[in-house]
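Topology and contacts: notes
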Amino acid sequence: MVKLVGLTGGIGAGKSTVAGVLRAAGIPVIDADVLAREVVEPGRPAHAEIARAWPQVLGPDGRVDRQRLGAIVFADPASQARLEAITHPRIRERVAAERAALDAAGQRLAVLEAALLVETGFYRQLDGLLVVTADDEARIARVMGRDGCSRESALARLRAQLPQEAKTKVADHVIDNSGDLAATRARVREVLQAIMPDAP
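Below is a summary of the structure that appears in this document. (Residues numbered from 1 in each chain as written. Predicted model: local features only at pLDDT ≥ 70, side-chain atom pairs only at ≥ 80, totals over all residues. Heavy atoms only, no water.)

What about the overall build of the chain?
Just so we agree on the cut-off: Secondary structure elements are defined from DSSP: runs of H or I of at least 4 residues count as helices, runs of E of at least 2 residues count as strands, and each element is numbered from the N terminus. C-alpha atoms define the radius of gyration, and 2.2 Å times the number of residues to the power 0.38 defines the globule rule. Per-residue accessibility, obtained with a 1.4 Å probe over protein chains only, is compared with the maximum for each type, and a residue is labelled buried under 20%, exposed over 50%, and partly exposed between these values. The contact definition used throughout considers only heavy atoms, calling two residues in contact when any of these lie within 4.5 Å. Each accessible area is a Shrake-Rupley estimate made with a 1.4 Å probe; only the visible protein chains count as cover when residues are assessed. The charge count includes Lys and Arg as positive and Asp and Glu as negative, but it does not include His or the ends of the chains. By convention, the point assigned to a charge is CZ for Arg, NZ for Lys, CD for Glu and CG for Asp.
Tallying secondary structure elements over the chain gives 10 helices and five strands in all. Expected size for 200 residues packed as a compact globule is a radius of gyration near 16 Å; at 18 Å, the chain falls within 12% of this value. Reported as C-alpha extents along the three principal axes, the dimensions of the chain are approximately 50 × 45 × 30 Å. The proportion of buried residues among the 200 residues of the chain is 41%. Taking the intrachain contacts of the chain between residues at least 6 apart in sequence as the baseline, contacts between residues at least 24 apart amount to 70%. Entry remark: accessible area of the chain is about 10600 Å², with carbon and sulfur atoms responsible for 53%. The centroid of the 27 positive side-chain charges in the chain is displaced by 2 Å from the centroid of its 26 negative side-chain charges.

Written out as structure tokens, the structure reads:
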């Protein structure tokens, strides 16, 4: 079976940057956020369940307005739990299908990129965990630049998440992305060598 390693990190740490470095190195990356969008497409069971639970989040085209849904569930833990009960099993089914396809293709290593691997405990079902970190100032600057928000807003979003330290405690490998891209690439090479020492 293909070895499937998790990739996660807090907001602004640079998880997507590391995923890009891995892809460039020829490692397939399964993006859980892409799968999360797919499972709520019209015609899929999760879409029907969301439409019944929160009809107000459907746009004129019948698609789920993710921003509107997010505003509801992030303000209400019960709604968030309900949404996760609808979507997470479907996302995990898609991950399993993608993993099976990679295994059938003879792939030896793949990475699952997901924001909540530690929070949901799903990392325990994987073959390892990579956690991307960066210092708080770098993370704040990235969030401000990406989302056009204030420093206070960016800091609030950092503080609303599980602390980096909680994620690094359960990590098999930590990738510090505080510096430049060259340093991050070098660290990713080290990690890949440790995971697959017999790789070319």
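Considerations on the sheet that holds strand β5 (residues 173-176)
Rules: In short, DSSP must find at least two bridges between two strands for them to pair. Between N-to-C directions, angles span 0 to 180 degrees; the directions come from axes that are lines fitted to C-alpha atoms, helices contributing only their stretch in contact.
With respect to topology, five strands assemble into an open sheet ordered β2-β3-β1-β4-β5, the strand pairing being parallel. Lying at the two open borders of the sheet, with one neighbouring strand each, are β2 (29-31) and β5. Between one strand and the next, the sheet's axes are offset by a mean angle of 25 degrees, whatever the strand orientation. Across three bridges, the pairing between β2 and strand β3 (residues 109-113) is parallel. From the neighbouring strand, Ile 30 faces β3, where its bridge partner is Leu 112. Packed on one face of the sheet, helix α5 (residues 77-104) meets β1 (3-9), β2 and β3 and runs near 160 degrees to β2.

Let's talk about the packing of helix α7 (residues 136-147) against helix α8 (residues 151-160)
So the rule is basically this: Here a crossing is called left-handed whenever its near helix is offset anticlockwise from the far helix by less than a right angle, and right-handed whenever the offset is clockwise. Residue polarity follows a fixed list, in which Ala, Val, Leu, Ile, Met, Phe, Trp, Tyr, Cys and Pro are nonpolar, Asp, Glu, Lys and Arg are charged, and the others, Gly among them, are polar.
Viewed as axis vectors pointing N to C, α7 and α8 meet at an angle of 120 degrees, and their least axial separation amounts to 9 Å. Helix-helix and strand crossings are classified by hand; for α7 and α8 the assignment is right-handed. Along the contact surface, α7 presents Asp 136, Glu 137, Arg 139, Ile 140, Val 143, Met 144, Arg 146 and Asp 147, while α8 presents Arg 151, Ala 154, Leu 155, Arg 157 and Leu 158. Grouping the constituent residues of the contact of α7 with α8 by class yields six nonpolar, no polar and seven charged.

Nothing here speaks to function; it is geometry throughout.
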